[in-house]
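Chain and residue survey
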There are 4 protein chains.
Amino acid sequence: MCRWMAYHGEPVYLESLLFKQEHSLIHQSLSARKSEVTVNADGFGLGWYDEREEPGLYHEVLPAWSDSNLKSLARHIKSGLFFAHVRASTGTETNRSNCHPFSYKNWLFMHNGQIGGYESLRWQMDRLIPEHLYNHRHGATDSEVIFLLMIANGLESNPEQAITVTLEQIISMMKQKKIEEPLRFTAVLSNGEEIIAVRFSSDDQAPSLYCKQFDNHIVIGSEPLDLSSESWTLVPAGHVAKIKENRFHIQSLPELLKMTA
Amino acid sequence: MCRWMAYHGEPVYLESLLFKQEHSLIHQSLSARKSEVTVNADGFGLGWYDEREEPGLYHEVLPAWSDSNLKSLARHIKSGLFFAHVRASTGTETNRSNCHPFSYKNWLFMHNGQIGGYESLRWQMDRLIPEHLYNHRHGATDSEVIFLLMIANGLESNPEQAITVTLEQIISMMKQKKIEEPLRFTAVLSNGEEIIAVRFSSDDQAPSLYCKQFDNHIVIGSEPLDLSSESWTLVPAGHVAKIKENRFHIQSLPELLKMTA
Amino acid sequence: MCRWMAYHGEPVYLESLLFKQEHSLIHQSLSARKSEVTVNADGFGLGWYDEREEPGLYHEVLPAWSDSNLKSLARHIKSGLFFAHVRASTGTETNRSNCHPFSYKNWLFMHNGQIGGYESLRWQMDRLIPEHLYNHRHGATDSEVIFLLMIANGLESNPEQAITVTLEQIISMMKQKKIEEPLRFTAVLSNGEEIIAVRFSSDDQAPSLYCKQFDNHIVIGSEPLDLSSESWTLVPAGHVAKIKENRFHIQSLPELLKMTA
Amino acid sequence: MCRWMAYHGEPVYLESLLFKQEHSLIHQSLSARKSEVTVNADGFGLGWYDEREEPGLYHEVLPAWSDSNLKSLARHIKSGLFFAHVRASTGTETNRSNCHPFSYKNWLFMHNGQIGGYESLRWQMDRLIPEHLYNHRHGATDSEVIFLLMIANGLESNPEQAITVTLEQIISMMKQKKIEEPLRFTAVLSNGEEIIAVRFSSDDQAPSLYCKQFDNHIVIGSEPLDLSSESWTLVPAGHVAKIKENRFHIQSLPELLKMTA
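Report follows, based on the coordinates. (Residues numbered from 1 in each chain as written. Chains lettered and ligands numbered in written order. Predicted model: local features only at pLDDT ≥ 70, side-chain atom pairs only at ≥ 80, totals over all residues. Heavy atoms only, no water.)

**Remarks on helix 4 (residues 118–128) of chain C**
For helix 4 of chain C, every residue scored as buried is listed here: C:Tyr118, C:Leu121, C:Arg122, C:Met125 and C:Asp126. Angularly, the buried residues of helix 4 of chain C cover 140° about the axis, an arc narrow enough to put them on a single face. (Buried < 20%, exposed > 50% of the residue type's maximum accessible area, 1.4 Å probe, protein only. Helix = DSSP H or I, 4+ residues; strand = E, 2+ residues; numbered from the N terminus. Arc of directions from axis to C-beta.)

Set out below in structure tokens:
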């Protein structure tokens, strides 16, 4: 399983979240408390918004804890909305094209989870990517194709519906192929203004998703960043958390999907 | 343009060809004599046959001349049939998945050239890859998809025909999209026993292909490895060179294609 | 030979200098106009000042032109004083520890040139590094040891003198070892407020150093960034250029050294 | 703590030891059973002997488990005497110069352990490296300087004594600096014919060292390669294991050192 965190609030140096926390993402990358896999050393990524419309991106295949560039960048880049991700590969190669977050115009996306039987679905899923989006397919991960399908399904105008339709498409392909492994999907998206995070699984073991309101910012992520996990809100499976103007709001995914799942 | 060389003959240490030539591939990677692009620093690759059926592979994104591993491997690996390639990217990212040679079972493939307008054909070309070959699509290069289409078109049983049919498919897609840039394709394949090299272009500027018979081996490549280029045979455009049992034989590509081109 | 540029003036996105110039450093890294070596692909580095006292740093071993991170960082990082460097190794390994610029507290340093016979001087030079600075010796380059010796020789209080004394030390060691190759040294330093650049050689072939005043900024570097080299001031050998408050001033190196040289 | 293994016996493909064991080094690199640190992802290295006098070397900064080159090399390289090492950095940077095994002429060396207070000893230790060996100091690790001191102390003619004298030198420097952390040193050396492994610590917690005799080969390493650790011989602290002609022999380190320690 991968790990990720997203920040929304007053602009801060990235290091204050990435390194200076009891249980920061960099510490997590070395050993996990709430996840099954112990090491996240198969690539790392940052995405951050500033004055530019499209986000800044930094991807690296070295383990996050040994990347001297990351340390300096996190100390010098300030942002009021940023994403960070550490990867534990579920099969695809460790190269920069396979590192999260993925971007499209002003959008960022990253993901923890796995499409059951992805190897046998990849051909079919890639064929659903419309021609005008295909040159954004840089790598071979399930995460990137999910993102491109969400864009094809209207992410820019109606994110919740695009997410729902995309998850349904995938579940339906899995059924056709009689795949019994689950679709697990805990993901986060942003257009540079608001953050939308989803926690979903086709079985009852959705990867965790925690959210916490601080005075001047909100953090959402696959794990709490401090050791008092009771102070964090666990987003229920099948729900979406939306973060905007220093508030977060949790709502269930559209009905349609719940029926399918 | 990329550069490559292939060796067939008495087993030798790879370094004798890669480093110890007046105009070796490593020297070529720094400055070209017969090619338009001056630097080949966008990745490097080796493929070699030994007792195993499938070839050994080594891919690296560092420039070949500064890779200490390459120097040691070339000094310690011996082979009677090997491929080496230095890449100058025509657009896709520098990562190991995009480095030549590509492999499939006992086959190796590498390539110098370019599909005109590839960006606008990639979607369509990837859709021609049959489902059972799709998990061999690791990167995003035109070279890799050409190789997979050749396999789909019967490479293992009739290589010349597979090459011809594949080139025709590509030219036909280019015509449909009204692409005016040429298809340039100088490539080499091996099944571990014989080498098949092709020199082709849809215009009259096929990338160069040189072949030379030595006492106990034959070398074929995008450029001569020594400075006496007159001692090398220039394979004519639209022709195939086949190397087997220490002889090379040049023949024209099947009629069908010549009509199309 | 390496190439480098330094910028002082109104804060700008790094890309405006690194990518958006006729003859930008990234273009230069592929092919040189005024230098003997054609390719600078043995590592890359950035150093920039912002609100923090110590500079930000980014070092990469990939060729600058194929580093997707560099493209995004240069588009999102703004600075009013920054350094960029592309390396063509003179022997030491391509790894991040050997990439310029080097830093110490609030200081940055980078360099084009070479100590003649460095291999036979390295032992002696490293022994001149005082104990309290020794843990700043991360790599094995001549550039890094020159920087540490300048710090040992009082860089923080009197830069010109520290430079002079250090060059004299090196020349004297070279004489002892009867090295006949020259000491060539075109370098730039900053404490975050002013820039000091030096052009020096123990023979009459000091590497080039060009400076140009624009409306709101000054650029200094190993080569002009546009094709009108006559609009750039060539700093004479044996001279120092100082840049401060949007003015540059050229003066000769202290007498002492001129006598030695 | 790092992990390592060395093989002596009938030539085999490296993969049979590196990948095809219950508890192979690659599996170990992901999670440890007998060591305090859980992840070894700060670089990887191989050294192997073949017909050449000096060994082949392969160093990589990617985690061993995600390096596609390693998988292919281990499948195609055969050797009757080879070393493998996975690194968990104790402070110095993750780059190839800092990866084990280190080599000198026909010798290989690798190491698990740590010099207590190395940061404050590095200056002094580097000054002990004689001039003629100094250009073999490529990185900044304690391991490399220990190896160079052993060579200076006569490794090539009397290995046990060179090891003893070197450990004494280090302990004596540590005493002078009043360092209270221990010197822990479990290391292995070879000249291409025999293997010498040492287990030592200045306190009573020497890193583990296990040895096992198989029918046609012997394996020695920081941990057993299978789950039946009772079938492995634990080399006692303060002892040396020598492997030659398919036999291993354990003896105590020379008296001198035992008195010092």
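That was the structure; now back to the text.
**Here's the deal with the side chain of A:Asp126**
Looking at where A:Asp126 falls in the secondary structure, it is placed in helix 4 (residues 118–128). Residue A:Asp126 is classed as buried on the basis of its relative accessible area, which comes to 5%. Here the side chain of A:Asp126 touches A:Arg137 through a polar contact of 3.1 Å, side chain to side chain. Here the side chain of A:Asp126 touches B:Tyr134 through a polar contact of 2.4 Å, side chain to side chain. With near-sequence residues (within four places) excluded, A:Asp126 lies in contact with A:Tyr134, A:Arg137, A:Val145 and B:Tyr134. (Polar contact = N/O pair within 3.5 Å; in protein donor to acceptor, adjacent residues only side chain to side chain. Contact = heavy atoms within 4.5 Å.)

**A short note on the pattern of salt bridges**
A full pass over the atoms with the stated rule returns 64 salt bridges over all chains. B:Lys20 is paired through a salt bridge with B:Glu15; the nearest N and O atoms lie 3.4 Å apart. Residue class for B:Lys20 comes out exposed when judged on its relative accessible area of 57%. It is possible to trace a salt-bridge network through shared partners that takes in A:Glu60, A:Asp67, A:Arg96, C:Glu60, C:Asp67 and C:Arg96. (Salt bridge = Lys/Arg side-chain N within 4 Å of Asp/Glu carboxyl O.)

**Quick notes on the packing of helix 4 of chain A against helix 5 (residues 142–152) of chain A**
All names here are of chain A. Between helix 4 and helix 5, the shortest axis-to-axis distance is 10 Å and the interhelical angle comes to 30°. It follows from the interaxial angle that helix 4 and helix 5 lie roughly parallel. In the packing of helix 4 onto helix 5, the handedness of the crossing is left-handed. Residue-level contacts link Tyr118, Met125, Asp126 and Leu128 of helix 4 to Asp142, Val145, Ile146 and Leu149 of helix 5. Grouping the amino acids of the contact of helix 4 with helix 5 by side-chain chemistry returns six nonpolar, no polar and two charged. (Axes fitted to C-alpha atoms, helices over the stretch in contact; angles between N-to-C directions. Parallel < 35°, antiparallel > 145°, perpendicular 65-115°, else oblique. Left-handed = near helix turned anticlockwise from the far one by under 90°. Nonpolar A, V, L, I, M, F, W, Y, C, P; charged D, E, K, R; others polar.)

**Quick word on the nonpolar core**
Formed by 74 residues in total, the largest nonpolar core has its most connected members in A:Met125, A:Phe147, A:Phe185, B:Met125, B:Phe147 and B:Phe185. In this structure B:Met125 touches B:Ile115, B:Tyr118, B:Val145, B:Ile146, B:Leu149, B:Ile170 and B:Met173, once residues within four positions along its chain are discounted. Counting 73 residues, the second largest nonpolar core, distinct from the first, contains C:Leu167, C:Met173, D:Trp107 and D:Leu148. (Core = buried A, V, L, I, M, F, W, Y, C linked by side-chain atoms within 4.5 Å.)

**Examining the relation of the copies chain C and chain A**
For the match of chain C to chain A, the screw axis carries a shift of 0.0 Å, the RMSD comes to 0.0 Å, and the turn is 180°. In the structure described here, the two chain copies are related by an operation that fits a two-fold rotation axis. Taking C-alpha positions as the reference, the residue of chain C nearest the rotation axis is C:Ile77, at 3.9 Å. Mapped onto chain A, 100% of the interface residues of chain C are again interface residues, and the two copies thus contact each other with one and the same surface. (Least-squares fit on C-alpha atoms with pLDDT ≥ 70 in both.)

**What to know about the interface of chain B and chain D**
Every contact between the two is made by 24 residues of chain B and, on the other side, 24 residues of chain D. For the pairing of chain B and chain D, the buried interface totals around 2,000 Å² over both sides, and the portion due to carbon and sulfur atoms is 36%. The tally of links from chain B across to chain D stands at ten salt bridges. Between B:Arg52 and D:Glu15 there is a salt bridge whose closest N-O contact spans 3.1 Å. (Buried area = accessible area lost by both parts, 1.4 Å probe.)

**Details of the packing of aromatic side chains**
In the structure shown here, the tally under the stated rule is 18 aromatic pairs over all chains. Ring plane angle 10° and centroid distance 5.1 Å describe the contact between C:Phe109 and C:Phe147, whose orientation is recorded as stacked. Here C:Phe147 lies in helix 5 (residues 142–152) and C:Phe109 lies in strand 6 (residues 107–115), a separation of 38 residues in the sequence. The pair C:Phe109 / C:Phe147 is uniform in exposure class, with both members buried. By the ring-pair criterion, three or more aromatic residues cluster together here, those being A:Phe109, A:Phe147 and A:Phe185. Lying across the ring of A:Tyr13, C:Arg52 places its NZ or CZ 3.8 Å from the centre. (Phe/Tyr/Trp six-rings, centres within 6.5 Å; stacked < 30°, edge-to-face > 60°. Lys NZ or Arg CZ within 6 Å of the ring centre and 35° of its normal.)

**Observations regarding the interface of chain C and chain A**
On the side of chain A, 24 residues touch chain C, which itself brings 24 residues to the contact. Between chain C and chain A, roughly 2,000 Å² of surface is buried when both sides are summed, and carbon and sulfur atoms account for 35% of that area. For the interface between chain C and chain A, the tally reads ten salt bridges. Between A:Glu51 and C:Lys78 there is a salt bridge whose closest N-O contact spans 3.2 Å. Where chain C touches chain A, the interface holds 26 residue pairs in polar contact (both at pLDDT 80 or more). Among the elements that line the side of chain C that touches chain A, the one with the most residues is helix 3 (residues 68–76) of chain C, at six residues. Residue classes in the side of chain C that touches chain A are distributed as eight nonpolar, six polar and ten charged.

**Observations concerning unusual backbone geometry**
Residue and element names in this part refer to chain A. Here His100 and Pro101 are connected by a cis peptide whose omega angle stands at -10°. In this fold, Pro101 is placed in the loop between strand 4 (78–86) and strand 5 (102–104). For Lys178, which is not glycine, the phi dihedral falls at a positive 55°. Tracing the backbone shows Lys178 in the loop between helix 6 (159–176) and strand 7 (183–190).

**Notes on helix 4 (residues 118–128) of chain D**
Inspection of helix 4 of chain D places D:Tyr118, D:Leu121, D:Arg122, D:Trp123, D:Met125 and D:Asp126 among the buried residues, and these make up the whole buried set. On its buried face, helix 4 of chain D is in contact with strand 6 (107–115), helix 5 (142–152) and helix 6 (159–176) of chain D.

**A short note on the sheet that holds strand 2 (residues 44–48) of chain C**
Strand pairing in a sheet takes place through backbone hydrogen bonds and is either antiparallel or parallel in direction. An order of 3-2-4-1-10-9-11 (chain C) is seen for the seven strands of this open sheet, with the pairing classed as antiparallel. Strands with a single pairing partner mark the edges of an open sheet, and in this sheet they are strand 3 (56–60) and strand 11 (233–234) of chain C. Where strand 1 (residues 3–13) of chain C lies against strand 4 (residues 78–86) of chain C, eight bridges are found, and the strand directions are antiparallel. Among the inter-strand pairings, C:Tyr13 is bridged to a residue of strand 4 of chain C, identified as C:Lys78. Packing of helix 3 (residues 68–76) of chain A onto the sheet brings it into contact with strand 2 and strand 3 of chain C, and relative to strand 3 of chain C it is tilted by some 150°. (Pairing = 2+ DSSP bridges.)

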